[in-house]
Amino acid sequence: MTGWLSLELLEPAWLGLLFLLPLLVLGFQRSLVDFPRRQLLASLLVRSTIFVLLVLSLAGLNFLRASRTPFVVFAIDQSDSIGRAGRQFSVNYVREALEGLPENRCAVVPFADQPTSVVIGSQRIREWLDSTTIASTSDVAGEAAAENSGSNTSTRGGTNLELALQTAVSIVPAGLVPQIVLLSDGNATGGDAISAAEVLNCAISTVELPASKEPELQVSAVRVPTQVAEGEPFRVEAVIDSNHDDRVIIDVYSGDFRVASEEHDVRTGENSYFFNQQIKQPTEFTVRIRRPEIQADKDSPEAFRDTVAENNTASGIVFTSGRPRVLLIDNAPDANRSLEWALKEEGIELDVRPAQGLPESPGDLQAYELVAMTNVAANELTSRQMEVLHSFVADFGGGFLMLGSEKSFGLGGFYRTKIEEVLPVRCDIEKEKEKPGLGMVLIIDKSGSMGGQKIELAKDAARAAVDLLGPKDQIGVIAFDGTPYWVSEVRSAADRTAVMDRIASIEAGGGTALYPAMDEAFRALLATTARLKHVIILTDGYSTPGDFDGLTTDLAAAKITVSTVGIGDADQAMLQKIAETGKGRYYFTDDPSSVPQIFARETIAASRSAIREEPFLPVLVRATSVMEGVDLNEAPFLLGFVVTQPKATSEIILTTESGEPLLSWWRYGLGMSAAFTSDARSRWAAEWLTWGGYNRFWAQLMRHCMKKQQADGMTVEIQKRGSHRRIVIDSVNSNGEFLNDVETELVLLNPELNSTPIPVQQTAPGRYEADLTTDLPGAWHVQLTQKQNGQTLSQQTRGLVVGYNDELRLRQPNTELLQALAELTAGAVQPTPQQATTLQDGRVRQTAVPLWPWLLTIACLLFVADVMLKRLELSKWFGTQQHRTEYRGNPSA
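Bear in mind that the values here come from a model prediction, so they are computed numbers and not experimental data.

## Describing the overall build of the protein chain
- Within the protein chain one finds 22 helices and 42 strands.
- Buried residues in the protein chain amount to 51% of all 893 residues.
- The contacts of the protein chain with a sequence gap of at least 6 include a subset with a gap of at least 24, amounting to 76%.
- With the model as given, the accessible surface of the protein chain reaches about 39700 Å², and the carbon-plus-sulfur share is 51%.

Right, here's the structure in full:
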């Protein structure tokens, strides 16, 4: 609180102790000290004063000292929207304003999306201005060269006026009045400057910086319809802004393919160009502008002149409806002709691609309702591809189907991957089942080149391999550098915990000598009684010489198979030769993160228990609409399958005659995933290819798992608001009536594949809205679902593309914002440098001076006086000594 004496109390609650003062009076009345009454009254007054002083100290009594001395802070916009003219204007303005300012009464805060530094003191500011002038001159030369090259100058970032103003006020020393001079074009891309100014309580004078005059071309927008029917003609509108007349080539891309390229004249201002297109699947259209191949001299008006290259590209996404599409990932595309024809007859389009064709962008997968996979191992996919597929199912309701092969499920190394999370079955084999005992030795390179991530991933791979073994298996681990040593000697895999603990102790360092390690493994496996014996070698380098051919031949003769895994700069020729001679498999990867999948795949393959190649008839264990019209009694034999284990909540539809899962599925996130452990081609389904139920079975299974797009009655509009978007959903029923109070779910997926549920509110009859923050550049996707009484009414996926920062757009200064800031805070609009430093608005700044040290000092001095009054007889000053009883009115005293 503040009184007329300009005092304040920080903790006024302590004043409640003053209610204890009557206790001191009571003590005075009951005192038996035989001193003069006046002396006792003085003691009471001193003691009460001490108590009051202590209470005021606890309450935080401060004296508020008023100051009218200004401290000028120049907040200088250095964002990407400020051209060299604006930067030079700022330098000249501040240099002139410094004339006459005291050394310690000014500061400069350069800022873009955040303050980059703080410079305090006129001398240091002048030094900073000198360096800034040099930088600006350099930029001028660089930008002049960029006019014809189209390259970008140094990037400074966006504009956050709110953070700049907050920083400017925070650096003002206590006791001085803050006076802010904001030099900017007012085009903020972050923060709320008006809200910040309302609470800062200081004068803000605004100086509008001139607009950039550098030649600039930009693709401002790509306008496409949100959704079209398959094959429906539509137009792609490319909006190009320019601050000069020029000539450009406009390229239009549908996905990765250029579908149009035209040369056009561009006039000053906004220009629109239209391109007719048709599509069969959701596509991202990208528009890019570039210089003509042959153009006039660079000094002529027709020359291509541009300063910033980043704003020469923009994109938009179009969704389409039509026949459902399935993407099959198979490294042998030609082996799927029968399935492709069968699905086509059932009205389903099948695209077949190898592993490299699985998209790494969520937008590219939106063209499909289901992704199927077979004959592709986990190490042949990137982690990004697996994450995108996981998100396609979990976040956007897509379907996934894995078919059996030698590279599927556990045999493909999908154990503990993102894809195994989606599957309704586990990718580790049933350890309790009877199977031939496996004796395996892992040989891991621990040389110096394996340091860091490599050795950690190698240890993860080794632990995963151990975890996949059964109690009848045996495992040993050798690490080698210049010499080999046993990390864990060959022992039962039932003791896997101890083996894993020892694997964790491996540290990288030393040379590379593989031959002695292989010899150690050979001798150890010869002594085991396992029926199957296998060695896995992992290395990233070249070994010292050794008789590898002879040793590998001896291993093969002893029926010990050898597989090799090379990482990076490994001796591929030697490792491949060892694997061929050792009758194992050879793997090579440039990505160390794929090593755990390779080890898992190799471990299961070595156990020879994951595949059953014997004729069997499928057994229906659960009735479902998928099997309607499919007579399994007439189905021929399937010739093999991959052994898997069902997850706890999955639904098993078909099994083998011995009870292993053949077809199972489950809901995963918003989508559905299924596993068919046999195949759909000539290896295991050779007799099914001529079966009358082949077409219907696969079509009905895939339709059951497909992403459900139910757009009836739902229209979606995405509105752009700076770095924010607003989703507007209008919903009606089949009778055209508004759908109110329906459960609306919105999931937003950013370019980094992080999904976020967004709250949706009903704002009008049948209208639902949500605000999105889209700060990362790239393709964003939105999954919309509306439900009522547990039933899904409509479900749609939409996409939007966040392009270059708004800071790089051609815009005039935001004069209105700058004027509003100055008027709100009683600052000046466009003041001269002299006015900016002398302007006064009558404000004062009060500085709090803590009084508790003085209060405690006085209390201590008074305490000495109080002791004197209680211990010394001072009748000389306080009158003749009388007995205490006299003062209490006792006439017999």
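## A closer look at the pairing of strand β24 (residues 532-539)
- Within β24, eight of the eight residues are buried, which leaves it mostly tucked inside the rest of the structure.
- Alternating positions in β24 separate into two faces, L532, H534, I536 and L538 on one and K533, V535, I537 and T539 on the other, with burial throughout.
- Bridge count for strand β21 (residues 438-445) against β24 is seven bridges, and the pairing is parallel. By the bridge assignment, G439 is partnered in β24 with K533.
- Where β24 meets strand β25 (residues 560-567), seven bridges bridge the pair, whose relative direction is parallel. Its bridge partner being in β25, I537 is matched across the sheet by T564.
- Handedness of the crossover joining β24 and β25 through helix α14 (residues 548-557) is recorded here as right-handed.

## Regarding the sheet that holds strand β14 (residues 283-290)
- Ordered in space as β9-β15-β14-β11-β12, the five strands form an open sheet in which the pairing is mixed. Since the sheet does not close on itself, it has two edges, and those belong to β9 (227-229) and β12 (257-266), each with one partner. Across the sheet, the mean angle from the axis of one strand to that of its neighbour is 25°, orientation sign disregarded.
- Pairing between strand β11 (residues 246-254) and β14: six bridges, direction antiparallel. Along β14, the bridge assignment pairs I249 with R290.

## Looking at helix α20 (residues 852-871)
- Its 20 residues give α20 an end-to-end C-alpha distance of 28 Å, which sits within 8% of 28 Å, the value for a rise of 1.5 Å per residue.
- Among the residues making up α20, those that are buried are L855, A859, D866 and L869. Viewed end-on, α20 has its buried residues packed into an arc of 75°, placing them on one side of the element. Opposite the buried face of α20, at more than 90 degrees from it, the exposed residues are W854, C860, L861 and R871.

## Concerning the pattern of salt bridges
- Applying the stated criterion to the full structure yields 29 salt bridges.
- Residues D519 and R523 are paired through a salt bridge, measuring 2.9 Å at the closest nitrogen-oxygen approach. Placement of both D519 and R523 in helix α13 (residues 514-526) is noted, with a separation of four residues, approximately one turn of the helix.
- Take D519: its relative accessible area is 18%, and that puts it in the buried class.
- Residue classification places R523 among the exposed positions, given a relative accessible area of 55%.
- Between D549 and K577 there is a salt bridge, with its nearest N and O atoms 3.6 Å apart. Of this pair, D549 sits in helix α14 while K577 sits in helix α15 (residues 572-581), placing them 28 residues apart in sequence.
- The partly exposed category is assigned to D549, whose relative accessible area is 41%.

## Let's talk about the packing of aromatic side chains
- Per the stated rule, a full pass over the model turns up 11 aromatic pairs.
- Three or more aromatic residues joined by ring pairs make a cluster, and in this case those are F676, W688, W691, F697 and W698.
- The ring of F274 carries the charged tip of R235 above its face, separated from the ring centre by 4.0 Å.
- Directly above the ring of Y253 sits R288, whose terminal nitrogen or CZ lies 4.6 Å from the centroid.

## Concerning the environment of M672
- Summarising the element assignment, M672 is placed in strand β33 (residues 671-676).
- What makes M672 buried here is its relative accessible area of 7%.
- Setting aside anything within four residues of it in sequence, one finds M672 in contact with V393, G398, G399, F400, W665, W666, R667, H704 and C705.

## A word on the confidence of the model for the protein chain
- Residues at a pLDDT of 70 or more form 89% of the protein chain, whose mean pLDDT is 84.
- Within the model, pLDDT remains below 50 along residues 134-155, and this stretch shows 40 contacts once partners closer than five positions in the same chain are excluded.
- In this model residues 881-893 is a low-confidence stretch, pLDDT under 50, and it forms 24 contacts with partners more than four residues away in sequence or in other chains.

## As for a nonpolar patch on the surface
- Taken together, the side chains of L20, L23 and L26 make up a nonpolar region of the molecular surface, amounting to roughly 280 Å² of accessible area.
- With respect to the secondary-structure elements, L20 resides in the loop between β1 (7-9) and α1 (21-29).
- By relative accessible area, which is 40% here, L20 ends up partly exposed.

## Focus: unusual backbone geometry
- Of note in this structure, N201 is not a glycine but carries a positive phi near 55°.
- The residue N201 is located in the loop between α6 (193-200) and β7 (203-208) in this model.
- Even without glycine at this site, F409 takes up a positive phi of about 55°.
- Mapped onto the elements, F409 comes out in the loop between β19 (399-403) and α10 (418-422).
- Overall, F409 belongs to the buried group, its relative accessible area being 0%.

## Topic: the layout of surface pockets
- Of the pockets and cavities examined, the largest pocket occupies roughly 1100 Å³.
- Forming the walls of the largest pocket are 47 residues, and the residues nearest its centre are K720, R725, V801, V802 and G803.
- For the lining of the largest pocket, the secondary structure elements donating two or more residues are β8 (217-223), β15 (313-321), β34 (714-721), β35 (724-731) and β41 (791-802).
- Here the lining of the largest pocket takes six residues from β15, the largest share from any one element.
- Its volume calculated, the second largest pocket comes out at about 760 Å³.
- What lines the second largest pocket is a set of 26 residues, among which S254, G255, D256, T283 and D364 lie closest to the centre.
- Broken down by secondary-structure element, the contributors of at least two residues to the lining of the second largest pocket are β11, β14, β15 and α8 (362-365).
- In terms of residue count, β14 provides more of the lining of the second largest pocket than any other element does, four residues in total.
- Its residues assigned to classes, the lining of the second largest pocket comprises nine nonpolar, 10 polar and seven charged.

## Examining the sheet that holds β25
- One open sheet holds the six strands; their spatial order is β23-β22-β21-β24-β25-β26, and the pairing between them is mixed. The strands lining the two open edges of the sheet, one partner per strand, are β23 (484-492) and β26 (583-589). Direction aside, the axes of adjacent strands within the sheet are offset by 10° on average.
- Along the sheet, α13 makes contact with β21, β22 (474-480), β23, β24 and β25, crossing β21 at roughly 165°.
- Seen against the sheet, α15 touches β24, β25 and β26 and runs at an angle of roughly 155° to β26.

Rules behind the numbers
- Residues numbered from 1 in each chain as written.
- Predicted model: local features only at pLDDT ≥ 70, side-chain atom pairs only at ≥ 80, totals over all residues.
- Heavy atoms only, no water.
- Helix = DSSP H or I, 4+ residues; strand = E, 2+ residues; numbered from the N terminus.
- Buried < 20%, exposed > 50% of the residue type's maximum accessible area, 1.4 Å probe, protein only.
- Contact = heavy atoms within 4.5 Å.
- Areas by Shrake-Rupley, 256 points an atom, 1.4 Å probe, with all protein chains shown as cover.
- Pairing = 2+ DSSP bridges.
- Right-handed = clockwise from strand over helix to strand, strands pointing away.
- Axes fitted to C-alpha atoms, helices over the stretch in contact; angles between N-to-C directions.
- Expected span 1.5 Å × (residues − 1).
- Arc of directions from axis to C-beta.
- Salt bridge = Lys/Arg side-chain N within 4 Å of Asp/Glu carboxyl O.
- Phe/Tyr/Trp six-rings, centres within 6.5 Å; stacked < 30°, edge-to-face > 60°.
- Lys NZ or Arg CZ within 6 Å of the ring centre and 35° of its normal.
- pLDDT = per-residue confidence, 0-100.
- Patch = residues over 30% accessible without salt bridge, like charges linked within 9 Å, V, L, I, M, F, W, Y side chains within 5 Å.
- 1 Å grid on protein atoms, 1.4 Å probe; cavity = no way out; pocket = protein on both sides within 12 Å on 5 of 7 lines; lining within 4 Å.
- Points joined across faces, edges and corners; volume = space filled by probe spheres on them.
- Nonpolar A, V, L, I, M, F, W, Y, C, P; charged D, E, K, R; others polar.

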